[in-house]
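The chain contents come next:
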Amino acid sequence: MSRKRTTGQNDSTPAERPDSTAGEPVIYQSLVREREYVDEQGVRWRRRRGELRWSRIERLMSDAGVRVLKVFRDDVSEVAAGARSGLLATIRPYLKGEAEDADDYTDFVVAEFKDDRHRSLLVVEEYC
């Protein structure tokens, strides 16, 4: 399950994107910022809480009943259970303020969403 750019779109140059004008920055959709997400089955997910504690992120990531989505630019993909520990290891230094490379412009935002049945969805957005 992954929503990807269509063929012909290239994010390396904003002018090549059909939804931008030359020299203007490209603004990508942010599930976290929009506070609501409707998935491919039509389930409406609403953002819960503000900033999550690290212990809550770990607990949600380790729960097989929780869907985890990783968002980078306009690529939204589901994180398989076997890949979650690697994702945790990647985002930990950024969320804890311990990232070592000062020239690294990468950052992550994590939010929990709930549906009407009170199921959880964890969204990890990567920025650069």
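Residues numbered from 1 in each chain as written. Predicted model: local features only at pLDDT ≥ 70, side-chain atom pairs only at ≥ 80, totals over all residues. Heavy atoms only, no water.

Got a minute to help me understand the overall build of the protein chain in this structure?
Across its full length, the protein chain carries three helices and seven strands. Listing every helix and strand of the protein chain by position from the N terminus yields β-α-β-β-α-β-β-α-β-β. Burial status across the protein chain gives 32% buried among its 128 residues. The long-range share in the protein chain, meaning contacts at least 24 apart out of those at least 6 apart in sequence, stands at 55%. Within the structure as shown, the protein chain displays about 8000 Å² of accessible surface, and the carbon and sulfur contribution to it stands at 47%. (Helix = DSSP H or I, 4+ residues; strand = E, 2+ residues; numbered from the N terminus. Buried < 20%, exposed > 50% of the residue type's maximum accessible area, 1.4 Å probe, protein only. Contact = heavy atoms within 4.5 Å. Areas by Shrake-Rupley, 256 points an atom, 1.4 Å probe, with all protein chains shown as cover.)

What am I meant to see in the side chain of Glu 125 here?
In this fold, Glu 125 is placed in strand β7 (residues 120-127). A polar contact is formed between the side chain of Glu 125 and the backbone nitrogen of Leu 31, at a distance of 2.6 Å. In terms of polar contacts, Glu 125 uses its side chain to reach the side chain of Tyr 127, at 2.3 Å. Residues in contact with Glu 125, not counting those within four places in the same chain, are Ser 30, Leu 31, Val 32, Val 71, Asp 107, Phe 108 and Val 109. (Polar contact = N/O pair within 3.5 Å; in protein donor to acceptor, adjacent residues only side chain to side chain.)

Help me understand the pattern of salt bridges in this model?
Charged atoms that come close allow side chains of opposite charge to pair. Taken as a whole and judged by the stated rule, the model has twelve salt bridges. Residue Glu 36 is joined to Arg 44 by a salt bridge in which the shortest nitrogen-to-oxygen separation is 2.6 Å. Residue classification places Glu 36 among the partly exposed residues on the basis of a relative accessible area of 30%. Assessed through its relative accessible area of 38%, Arg 44 is described here as partly exposed. Residue Glu 112 pairs with Arg 48 through a salt bridge whose shortest N-O separation is 3.2 Å. In this pair, Glu 112 is assigned in strand β6 (residues 107-114) and Arg 48 in strand β3 (residues 44-48), connecting sequence segments 64 residues apart. With relative accessibility at 0%, the residue Glu 112 sits in the buried group. (Salt bridge = Lys/Arg side-chain N within 4 Å of Asp/Glu carboxyl O.)

How do you make sense of the layout of surface pockets when you look at a structure like this?
Unoccupied space between atoms shows up once a probe the size of one water molecule is rolled over them. Here the second largest pocket is characterised by a volume of approximately 180 Å³. At the level of secondary structure, the elements contributing two or more residues to the lining of the second largest pocket comprise α2 (54-62) and β6. Looking at which element gives the most residues to the lining of the second largest pocket, the answer is β6, with three residues. Split into classes, the residues belonging to the lining of the second largest pocket amount to seven nonpolar, no polar and three charged. (1 Å grid on protein atoms, 1.4 Å probe; cavity = no way out; pocket = protein on both sides within 12 Å on 5 of 7 lines; lining within 4 Å. Points joined across faces, edges and corners; volume = space filled by probe spheres on them. Nonpolar A, V, L, I, M, F, W, Y, C, P; charged D, E, K, R; others polar.)

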